[in-house]
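# Remarks on the overall topology
Below are the chains, spelled out letter by letter.
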Amino acid sequence: MNAHAGPHGTRFPDIYDPDLYVDGPIHKIFTDLRHNDPVHWQPMSNEPGYWAVMGHADVTHVARRPDIYSAEIGGVVLENMAPDQLAQARNMLLMMDPPRHTTHRKPLAESFQAKVIGQMQDRIRELCTTILAATAEAAEQGSVEFSHAVAGRLPSQVVGELLGIPEQDRDQIREWAEQSTSGQDPELAGEGYSAGSGLGAMGLYAYQFAVRRRQEEPKEDLTSLILAGNFGERPMDDIEFASFFVQLVTAGNDTTKTMLSSGLEVLLAHPDQLAELRADRSLMTGAVEEILRYANPLHYFRRTALSDTVLDGVAIAAGDKVAMMYTSANRDEAVFGETAQQFNIRRSPNPHLSFGFAQHFCLGVHLARLEGRVFFNELLNTFSSIEQTGPSRRIRSNLNNGLKHLPIMLRR
Ligand code: HEM
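Here's a quick rundown of the structure. (Residues numbered from 1 in each chain as written. Predicted model: local features only at pLDDT ≥ 70, side-chain atom pairs only at ≥ 80, totals over all residues. Heavy atoms only, no water.)

## Section: the overall build of the protein
- Across its full length, the protein carries 19 helices and 12 strands.
- Taken over the C-alpha trace, the protein has a radius of gyration of 21 Å; the compact-globule value for 412 residues is 22 Å, and the two agree within 12%.
- Taking the principal axes of the C-alpha coordinates as reference, the protein spans close to 55 × 55 × 45 Å.
- A burial count over the protein gives 55% of its 412 residues as buried.
- Long-range pairs, those at least 24 residues apart, make up 73% of the contacts in the protein with a sequence separation of at least 6.
- Accessible surface, the protein as shown: approximately 17,700 Å² in total, 53% of it carbon and sulfur.
- Across the protein, 38 positive and 52 negative side-chain charges occur, with their mean positions spaced 3 Å apart. (Helix = DSSP H or I, 4+ residues; strand = E, 2+ residues; numbered from the N terminus. Rg over C-alpha atoms; globule rule 2.2 N^0.38 Å. Buried < 20%, exposed > 50% of the residue type's maximum accessible area, 1.4 Å probe, protein only. Contact = heavy atoms within 4.5 Å. Areas by Shrake-Rupley, 256 points an atom, 1.4 Å probe, with all protein chains shown as cover. Lys, Arg positive; Asp, Glu negative; His and termini not counted. Charge placed at Lys NZ, Arg CZ, Asp CG, Glu CD.)

## Let's talk about the pairing of strand E2 (residues 50–53)
- In E2, alternate side chains face the same way, and those of Tyr50 and Ala52 on one face and Trp51 and Val53 on the other are all buried.
- Pairing of strand E1 (residues 39–42) with E2 involves four bridges; the strand directions are antiparallel. Its bridge partner being in E2, His40 is matched across the sheet by Ala52. (Pairing = 2+ DSSP bridges.)

## Here we look at the pattern of salt bridges
- This structure, assessed with the given rule, holds 23 salt bridges.
- Arg34 is paired through a salt bridge with Glu333; the nearest N and O atoms lie 2.8 Å apart. Taken as a pair, Arg34 in helix H2 (residues 26–36) and Glu333 in helix H18 (residues 333–336) lie far apart in primary sequence, 299 residues in all.
- By relative accessible area, Arg34 is classed as buried at 8%.
- Note on Glu333: relative accessible area 26%, which makes it partly exposed.
- Notably, a salt bridge pairs Asp221 with Arg213, separated by 3.0 Å at the nearest N-O pair.
- Each of Arg123, Glu126, Glu161, Glu167 and Arg170 takes part in salt bridges that share partners, so that together they form one network. (Salt bridge = Lys/Arg side-chain N within 4 Å of Asp/Glu carboxyl O.)

## Quick look at the coordination of the iron atom of the ligand
- Of all protein atoms, Cys362 (SG) alone acts as a donor to the iron atom of the ligand, lying 2.3 Å away.
- Considering the arrangement of structural elements, one finds Cys362 in the loop between H18 and helix H19 (365–382). (Donors = N, O, S within 2.8 Å, 3.2 Å for Na, K, Ca; no water.)

## Structural notes on the side chain of Glu371
- Position of Glu371 relative to the elements: it lies in helix H19.
- Buried charge without a partner: Glu371 forms no salt bridge, and the closest opposite charge is Arg373, 11 Å away.

## A word on helix H16 (residues 284–294)
- Along H16, nine of the 11 residues are buried, which leaves the element largely enclosed by surrounding structure.
- Contacts from the buried residues of H16 go to helix H14 (238–269), helix H15 (271–279), H18 and H19.

## Side note on unusual backbone geometry
- The linkage connecting Pro98 with the following residue, Pro99, adopts the cis geometry, with an omega of 5 degrees.
- With respect to the helices, strands and loops of the structure, Pro99 is situated in the loop between helix H4 (83–89) and helix H5 (100–109).
- A cis geometry characterises the amide bond from Ser348 onward to Pro349, with omega recorded as 0 degrees.
- Within the chain, Asp312 stands out as a residue other than glycine whose phi angle is a positive 50 degrees.
- Here Asp312 is to be found in the loop between strand E6 (309–311) and strand E7 (314–316).
- Backbone geometry places Ala358, a non-glycine residue, at a positive phi of 65 degrees.
- Inspection of the secondary structure puts Ala358 in the loop between H18 and H19.
- You can call Ala358 partly exposed: its relative accessible area is 30%.

## Looking at the pairing of strand E8 (residues 321–325)
- Across the five residues that make up E8, a large majority, five, are buried.
- Where burial is concerned, the two faces of E8 agree: the one with Lys321, Ala323 and Met325 and the one with Val322 and Met324 are both buried.
- As defined by bridge partners, strand E5 (residues 300–305) adjoins E8 across five bridges and the pair is classed as antiparallel. Following the sheet pairing, Thr304 is matched in E8 by Lys321.

## Examining the packing of aromatic side chains
- Within the structure shown, the criterion is met by 13 aromatic pairs.
- Plain terms: the ring middles of Phe301 and Tyr326 are 6.4 Å apart, the flat faces sit at 90 degrees to each other, and that makes the pair edge-to-face. Of this pair, Phe301 sits in strand E5 while Tyr326 sits in helix H17 (residues 326–329), placing them 25 residues apart in sequence.
- Judged by its relative accessible area of 16%, Phe301 is buried.
- A relative accessible area of 4% means that Tyr326 is categorised as buried.
- Taken together, the ring pairs connect Trp176, Tyr205, Phe209, Phe241 and Phe245 into an aromatic cluster.
- Between Arg331 and the ring centre of Tyr294, over which it is positioned, the NZ or CZ distance is 4.2 Å. (Phe/Tyr/Trp six-rings, centres within 6.5 Å; stacked < 30°, edge-to-face > 60°. Lys NZ or Arg CZ within 6 Å of the ring centre and 35° of its normal.)

## Some words on helix H7 (residues 121–139)
- A rise of 1.5 Å per residue sets the reference length of H7, with its 19 residues, at 27 Å; its end C-alpha atoms lie 26 Å apart and thus fit the reference within 8%.
- Inspection of H7 places Ile124, Leu127, Cys128, Ile131, Leu132, Thr135, Ala136 and Ala139 among the buried residues, and these make up the whole buried set.
- Structurally, H7 contributes buried residues whose contacts are with strand E4 (144–145), helix H8 (146–151), helix H9 (153–163), H19 and strand E12 (407–411). (Expected span 1.5 Å × (residues − 1).)

## Some details on the nonpolar core
- Grouped together as the largest cluster of nonpolar side chains are 79 residues, with contacts concentrated most on Phe146, Phe245, Phe375, Phe376, Leu379, Ile386 and Ile408.
- A per-element tally of this core places H14 first, with 13 residues.
- For Phe376, the contacting residues outside a window of four places in its chain are Met259, Leu260, Gly263, Leu264, Leu267, Met284, Val288 and Ile291.
- Counting residues in hydrophobic clusters, the runner-up holds 41 residues, among them Tyr21, Trp41, Ala323 and Tyr326. (Core = buried A, V, L, I, M, F, W, Y, C linked by side-chain atoms within 4.5 Å.)

This is how it looks when you write it as structure tokens:
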């Protein structure tokens, strides 16, 4: 397959290259692809390449057909996993196909419903207040690194509350989660550790946590619910629990951190809209949605074709990788019109795909939105002046659309 060249022989940049996502003109390239090669073949150097699906309608089609496009057979990231790793990862909801997916998701769905999650609002506000009080103290000394030191602190605390993870363990969990998503960035990955080491250590912690919790009285948290629940007519064993725990922590950690840090950066780049939001907090729900569309935390998730098929006129062979390119679909002019490239907190409707679509639609969606709303409300309540003091730096990753550095000056 050499479809790297477009239908008219046009050459496109290598969109697998993580460097392109650091400071490349990614939205311009994706617009070009949407118009000229919307199901685009992208080779990879050490293994088979993938079909990058650029348009909103095509991405939603792939997402709603797990009978053709499997999450289980090859996982959800572009790099093929070793067979033992893949077997272990298939314990995650994210990497299950129906009917297994349905039997595992159903018992959890209730705990993640909007009204159940809504009960966490006061606790999330308390967590925000504590984090922002520490931020205010640090800000007296000068500019703070917002991404890691502020935004990164909330999600691990919130998932910690949800699962009943002891407070003293939460920083460690956060560190493992961050290691797991920084594998393509040499500066973050550091020497001698890989994405796998963070996940492995967290899995072991989760396994021991399950063993301990089975010996204790049940509590009012998700861990007790999972340990007592029936998944496909039997409870999860401790190894399955460990995979599930790892998934919840990693799914909810970096994505939420990105929503908060990229969200602030985008708001600061649109001072008029930030001022409107400050004055009228009823705009907050729409603002969080637009942040999610415009600065979507994940660039893509992958599927693998189970049979030969045709997508938007392009022949896809059984076994081919297919990437749902959320970053492109979220700016598809066919859905978002002429203003697709503009940030607008009043956008309505806003059918962005940042939480995926259909069967695997993000289980934590209500929690993520609540964290976004409460955090930005508290941030604006705490600080009357917020300024960016230097350029931000992006994580080198073709999957995580996050910031690793965002210097901010804050005044009460
Ligand atoms: C802004 C924050 C978040 C974003 C952008 C996000 C994004 C996503 C996306 C795109 C998917 C779909 C995957 C697919 O189709 O293959 C997903 C699934 C999932 N997310 Fe989130 N997520 C966020 C926050 C959270 C939180 C806070 C949690 C829980 C603590 C969570 C738990 C999950 C789980 C368990 C799944 C798998 C659902 C399934 O496969 O049925 N996410 N998320």
